[in-house]
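A look at the structure
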Amino acid sequence: MSTNGDPGAAPAGSMTFLGMPTAPRGVGHLRGSEPFPVAARRGLADTQQRRNLAKATASIRAKRAAVVGEVPDWEELREAARAIKAATMAHLDRYLEQLEAQVTARGGVVHWARDAGEANAIVVGLVRAAGASEAVKVKSLATDEIGLNEALAAAGIQAHETDLAELIVQLGQDWPSHILVPAIHRNRAEIREIFLREMGDVDPGLTDVPAALAEAARRHLRRRFLSAKVGISGANFAVADSGALCVVESEGNGRMCLTLPETLITVMGIEKVIPAWRDLEVFLQLLPRSSTGERMNPYTSIWTGVTPADGPRNFHLVLLDNGRTAALADETGRSALHCIRCSACMNVCPVYERAGGHAYGSIYPGPIGAILSPQLTGIEDNPSLPYASSLCGACYDVCPVKIDIPSVLVHLRARHVEAARHVGLLPGPEAITMAAAAWVMASPARFATAQRAGRIGRALGRGGPIRSLPPPLSAWTRSRDLPLPAATSFRDWWRRDHQPGKAPGQHHGEPR
Amino acid sequence: MSARDEVLSRIRAAVGANAGAPPGGDSLAAGTSGEVPRDYRIRREASEGELIDLLADRLVGYRATVRRTSQAELAAAIREALTQRRARRVVVPPGLDLPALPPGVQAVADDGFSAQELDGFDGAITAAAVAVAETGTIILDGSADQGRRAITLVPDYHLCIVRADQVVALVPEAIRRLRPDRPLTLISGPSATSDIELERVEGVHGPRTLHVILVDAS
């Protein structure tokens, strides 16, 4: 792997991985103020949030399972998507150049941004050039990632979030906790309170019925949509061979922002490009079913450059790196860039469901966030995220583009340990434990001995889970309970129960 | 170095030596993605009747209003829909052939109205380009009988006329009928949100009522 990046051109203070600058500190929302275990403990203590999340994720899991189950070629679609994304990453430079040429040929203007600060400066300049002091925004993770709203506010430009959930979050001076349903941690009563307090023009008799709350949002935003001069969006997909941009949404706020303003500015991560028009037929089937659990989302908009007499007169596309090339440089970690932001992985994740999205500290929470954020920032800045998982594998099973999240988590843990050793830190208890476990598991005899020894551990649990181990193993149990080791190991039970000549099923003892 | 050149050179460094040589040589220019297994369904054989039934079922599932009719009865179906809606003044694309409307209903050809002006209409009537039965999706491509995107967005009511020969079974069949250089809008039911406790609410910013008239072939 080549490492001929130019560190001299990197913005001050940014880290590098294999010579690739990562997302700079001090701008945007990829880093939390505290490690995951600390933030997760607060999330766990928030019973209201846990109730909201448990209800929401259970409901969306059931919807997704139903609409995925009716697609006979779901696995073939997943495999095609995985292959398209892998092929895209392998030739990302060519596809981006092709996209740029197509967008330019159809009247759009393409801008490139090395990082968050540069992207923000470009957008601020474009809004000013349009003579506007406000803009309407479609929900966009890329613009949340770079802290665009704050940068616009600092330049005296007001950005109005128009997605209902983003509006709830913005009015509540809050932060998104889920990539699809950013206000998933808020229930209807809390949302009513926020609207009454912040909207100004709202009927004081507003009830907490969801339809009434949606109606209040419609009234609140209507005038803004009809008079907006500048719209700002992200992109779900950008098609290299035709220059087509695609935004998938439900409410119609996306169509408003993409169609009515004179100037449209779209900010997208460089990994969102797909090679060919027909690749869209794969993703437009996978995304809605994985995301909202619908056969198709209510509205999808696709446009190419500027269309005479239809929609914006000026179209700007900002292509954002901000640490993506650092992720690209890691051949295993690179698959995190395949993500199409459906959020299925967070809806099945037992850790996410209990800790909540805020605990991850980054705009990208859940399993995908645990592998994406540390790669964008450099693992030094998000060292606890690769451990924010039980490696149960549910995320891999539901991922529509087949990202093997558990394997990438393990890979990033190894990178973290390696990085710590590199800077001269003594290996921590976790590294020693993992190394010891590898040695023990490498030999059947050692493993059997260790398992028998483990049974002694039952004494520590007094019949329940082990809450704390003696040092140095206390580092493990500080943030975890340890299940009581089984009285009989599976290996011992198997040997006893499957002796030659004995009929299977004649149990001499329970497996536990 | 410009940001463009720097990002591109970072990518080349990151992906290594094979960067810039896409699989299959000239395939990049032809717009293919190299060795991608496409073992998913790209066609589903079904009669027009089956497809229209499925499309109608899906649209009703999204809480759109659906009316099946024949070419001979189309004018009556449009009149009935508008009367039911109590629409007085509707905007239509300049290229849409419309039958005589009920007395008191005025169809105004789109003349590049501003968003505020469009907000004053009771609804819009358009044709469609393609519809996908399995997903209940109607696709507009900005042709003369569908008009520019804003007219089906700002008014609160969209009456859409879909002909049987425009209905395909699968998303890939639709994508292959469409041209990427046209502004496309895929519509699957009226606008909706599930942002509050994941409870679906129909009608946020787009038209809150979607009325589809499906015209059978014979």
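Everything quoted here is computed from the prediction, not taken from an experiment.

**Topic: the interface of chain B and chain A**
When the parts come together, some accessible area is lost, and that loss is often what is quoted as the size of the interface. In this assembly, 70 residues from chain B lie in contact with 88 residues from chain A. Residue contributions to the side of chain B that touches chain A peak at eleven residues, all from helix α1 (residues 3-15) of chain B. Among the residues forming the side of chain B that touches chain A, the class breakdown is 32 nonpolar, 21 polar and 17 charged. Across four bridges, the pairing between strand β11 (residues 299-304) of chain A and strand β9 (residues 184-187) of chain B is antiparallel. Considered in β9 of chain B, the bridge of T300 of chain A is made with L186 of chain B.

**Structural notes on the sheet that holds strand β8 (residues 244-249) of chain A**
Taken in spatial order, the eight strands make up an open sheet running β10(A)-β7(A)-β8(A)-β11(A)-β9(B)-β6(B)-β5(B)-β8(B), and their pairing is mixed. Each of the sheet's edge strands pairs with one partner strand only, and the pair in question is β10 (273-274) of chain A together with β8 (167-168) of chain B. Looking at chain direction, strand β5 (residues 130-132) of chain B and strand β6 (residues 137-140) of chain B are connected through three bridges and run antiparallel. When the sheet's bridge partners are listed, A131 of chain B is paired in β6 of chain B with I138 of chain B. In the packing of helix α12 (residues 280-291) of chain A onto the sheet, contacts are made with β7 (237-239), β8, β10 and β11 of chain A, and the angle to β7 of chain A comes to roughly 170°.

**What about the sheet that holds strand β7 (residues 157-163) of chain B?**
Residue and element names in this part refer to chain B. With parallel pairing, the six strands of this open sheet are ordered in space as β1-β12-β7-β4-β2-β3. Edge positions in the sheet fall to β1 (65-69) and β3 (106-109), since each of these pairs with one other strand and no more. Each strand of the sheet is rotated relative to its neighbour by a mean of 25°, with strand direction disregarded. Pairing analysis gives four bridges linking strand β4 (residues 123-127) to β7, with the strands arranged parallel.

Procedures and definitions
Residues numbered from 1 in each chain as written. Chains lettered and ligands numbered in written order. Predicted model: local features only at pLDDT ≥ 70, side-chain atom pairs only at ≥ 80, totals over all residues. Contact = placed C-beta atoms within 7 Å. Helix = DSSP H or I, 4+ residues; strand = E, 2+ residues; numbered from the N terminus. Nonpolar A, V, L, I, M, F, W, Y, C, P; charged D, E, K, R; others polar. Pairing = 2+ DSSP bridges. Axes fitted to C-alpha atoms, helices over the stretch in contact; angles between N-to-C directions.

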